[in-house]
Amino acid sequence: MKTRTSLTPILAALLAAAALTGCAIGPDYARPKLDIPADFKEDGRWKSAEPQDEAPRGDWWAAYRDATLNGLMDTLNRQSPTIAQAEAQYRQAQAQLNQAEAGLFPSLSANASQSRAVAAPGNVAFNNYNLGLAASWEVDLWGGVRRAVEAGEAKQQASAAQLAAIRLSSQAQLATAYLQLVAADRQLANLRDSEKALEESLRLTRNQFAAGIVGDDAVASSESQWKTAQAAVVDKRLTRAQLEHAIAAALGQAPAGFSLPPAEAEPHLPQIPSGLPSTLLERRPDIAQAERNMAVANAQIGIAQSAYFPSLTLGASGGYRGSTFADWVTLPNRIWSIGPSLALSLFDAGLRRAQTAQAIAAYDASVAGYRLTVLAALQGVEDNLSAQSLLHEEAGLQTAALAAAKRAETIAQNQYRAGTVSYLNVLSAQNARIAAANNLWNVKNRQYASSVALIAALGGGWRAP
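Read on for an overview of the structure. Here the structure is a predicted model, which is why all the values come from computation and not from measurement. (Residues numbered from 1 in each chain as written. Predicted model: local features only at pLDDT ≥ 70, side-chain atom pairs only at ≥ 80, totals over all residues. Heavy atoms only, no water.)

### As for the packing of helix H5 (residues 216-250) against helix H9 (residues 423-457)
The relative placement of two packed helices comes down to the angle between their axes together with the axis-to-axis distance. Applied cut-off: Angles shown run from 0 to 180 degrees and are taken between the N-to-C directions of axes, each axis being a line fitted to C-alpha atoms and, for helices, limited to the stretch in contact. Secondary structure elements are taken from DSSP: a helix is a run of H or I of four residues or more, a strand is a run of E of two residues or more, and numbering for both begins at the N terminus. Relative orientations are named as follows: roughly parallel for angles under 35 degrees, roughly antiparallel for angles over 145 degrees, roughly perpendicular for angles from 65 to 115 degrees, and oblique for any other angle. Handedness of a crossing is defined here by the sense of rotation of the near helix relative to the far one, left-handed for an anticlockwise turn of less than a right angle and right-handed for a clockwise turn. A contact between two residues is defined here by any heavy atoms of the two lying within 4.5 Å. Only Asp, Glu, Lys and Arg are considered charged, only Ala, Val, Leu, Ile, Met, Phe, Trp, Tyr, Cys and Pro nonpolar, and every remaining residue, Gly among them, polar.
Look at H5 against H9: their axes get within 10 Å of each other, and the N-to-C directions meet at 15°. As far as their axial angle goes, H9 and H5 are roughly parallel. Here H5 runs over H9; the crossing is left-handed. Packed against H5, whose contacting residues are Ser-221, Ser-222 and Gln-225, the element H9 presents Tyr-423, Leu-424, Leu-427 and Asn-431 at the interface. Along the lines of polarity and charge, the residues of the contact of H5 with H9 split into three nonpolar, four polar and no charged.

### Some words on the nonpolar core
For clarity, the cut-off: Residues grouped as a nonpolar core are buried Ala, Val, Leu, Ile, Met, Phe, Trp, Tyr and Cys residues, joined through side-chain atoms within 4.5 Å. The buried label applies to any residue whose accessible area, calculated with a 1.4 Å probe on protein chains only, is under 20% of its type's maximum; exposed applies above 50%, and partly exposed to all values in between.
In this structure, Trp-60, Tyr-64, Leu-72, Met-73, Tyr-178 and Ile-247 are the most contacted members of the largest nonpolar core, which totals 39 residues. Looking at this core, the elements with two or more residues in it are helix H2 (67-79), helix H3 (81-102), helix H4 (144-210), H5, helix H8 (351-418) and H9. Per element, the largest residue contribution to this core is twelve residues, and it comes from H4. For Tyr-64, the contacting residues outside a window of four places in its chain are Leu-69, Leu-179, Pro-267, His-268, Pro-270, Tyr-448, Ser-451, Val-452 and Ile-455. If you look at the next biggest cluster of nonpolar residues, it comprises 13 residues, including Ala-297, Ala-359, Val-367 and Val-374.

### Quick word on the environment of Met-294
You can see Met-294 is positioned in helix H7 (residues 285-306). Owing to a relative accessible area of 0%, Met-294 belongs among the buried residues under this scheme. Between the C-alpha atoms of Met-294 and Arg-31, which are 263 residues apart in sequence, the distance is 8.0 Å. Once residues within four sequence positions are removed from consideration, Met-294 is found in contact with Tyr-29, Arg-31, Pro-32, Tyr-363, Ser-366, Val-367 and Tyr-370.

### Examining the packing of aromatic side chains
Test applied: Stacked, tilted and edge-to-face pairs are distinguished by plane angle, under 30 degrees for stacked and over 60 for edge-to-face with tilted covering the rest, among Phe, Tyr and Trp rings (Trp via its six-membered ring) whose centres lie within 6.5 Å. As a reminder, the over-ring test applies to NZ of lysine and CZ of arginine, requiring each to be within 6 Å of the ring centre and within 35 degrees of the ring normal.
One pass over the structure, following the stated rule, counts one aromatic pair. The interplanar angle of 75° and the centroid separation of 5.6 Å between the aromatic rings of Trp-60 and Trp-61 together place this pair among those described as edge-to-face. Judged by its relative accessible area of 6%, Trp-60 falls in the buried class. Here Trp-61 falls in the buried class, since its relative accessible area comes to 6%. When the ring centre of Trp-441 is taken as origin, the NZ or CZ atom of Lys-444, which lies over that ring, is 4.6 Å away.

Take a look at the structure:
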């Protein structure tokens, strides 16, 4: 059977489709404007921001000048399961974009078959040989496919930003954990020194008690201080063990087979310069991801609205059909057909209207999420700019407090040896010195954590103006 149609209406339909495909149903995307101050409260030399999340960040952790940290970061970047998962999700978004782009082009299929049949009871059986080729193309009259491609591109970009955000977050978490471990090692060394000193003091006090110089109360106080110091050592060992386990898990290794020796040198504490250019905030990948999610939601509105309009499909097929294999592929056995197909949903009980409303609501939610992300980023920068300045001041005061506590302890020990004060004065001075040393490293620990958080809040790294 041969099906013939005039090519004139088909060509007219193609020309009309080409004219119509210049427009797309739904709103065109525009980034919403935010009321963002030109200056930061903690630093008045910033400018308005525009996204630059693709700017290279470099090895920002090298600012701490620690070879062990550099090696850990290299391992993290190569084998972190968290980063590997995000990278796989990015490849998934790329594949989804390719799927959406395939809808812009016609599909082509081929088939071949052989069958044996009987037309009616008693008739002779005969063979059927079929060979065919078919093409189909749904014309993107209303831009639904183009909106799907637009959404796919935005999803891919959002996924790339998500990958960068997860990589930066993983690096920041590792750096923080390592620097906290270094601080724990320093505190642990200090606590062990104090434990040894208190043990020696307990030995001397017991000797004095045996000689009748001091009472049993001095022995009890000295022993209590020693046991308290031992407990503090155990507690700090627990903190170190948990930090070491966290680092192992971040690197994709089992904690049982991972260990880090105490750092030989104290990592450098970088002072991020004041007056940083606001372009660093523009590099935050989580802001870029939130902005791209808005573009995805906007494109989804157009996809939902395009369902209200009819779809036009152009189809063509051709091939051969014969009853014998010998003359199968011959001109008399050729068949072909070509023609357009128009389809429109007339009643769906409000389905398309509900889908459009859902898409609009999703877009409004993405706008609110974008605003929240930007505000959280601004807060993070403000918090850590403030912390960098105030913690530096606090560290200076705590260093002076430790120096004074050491001097007071030395004076108390000399007075005790001279017999002018009781041992309670020595214990009190030792307690003050131990607390001052521990407090200083608590402040340094917060300085390290704050510096990493500030670098991460600025998108990773910085440049002096």
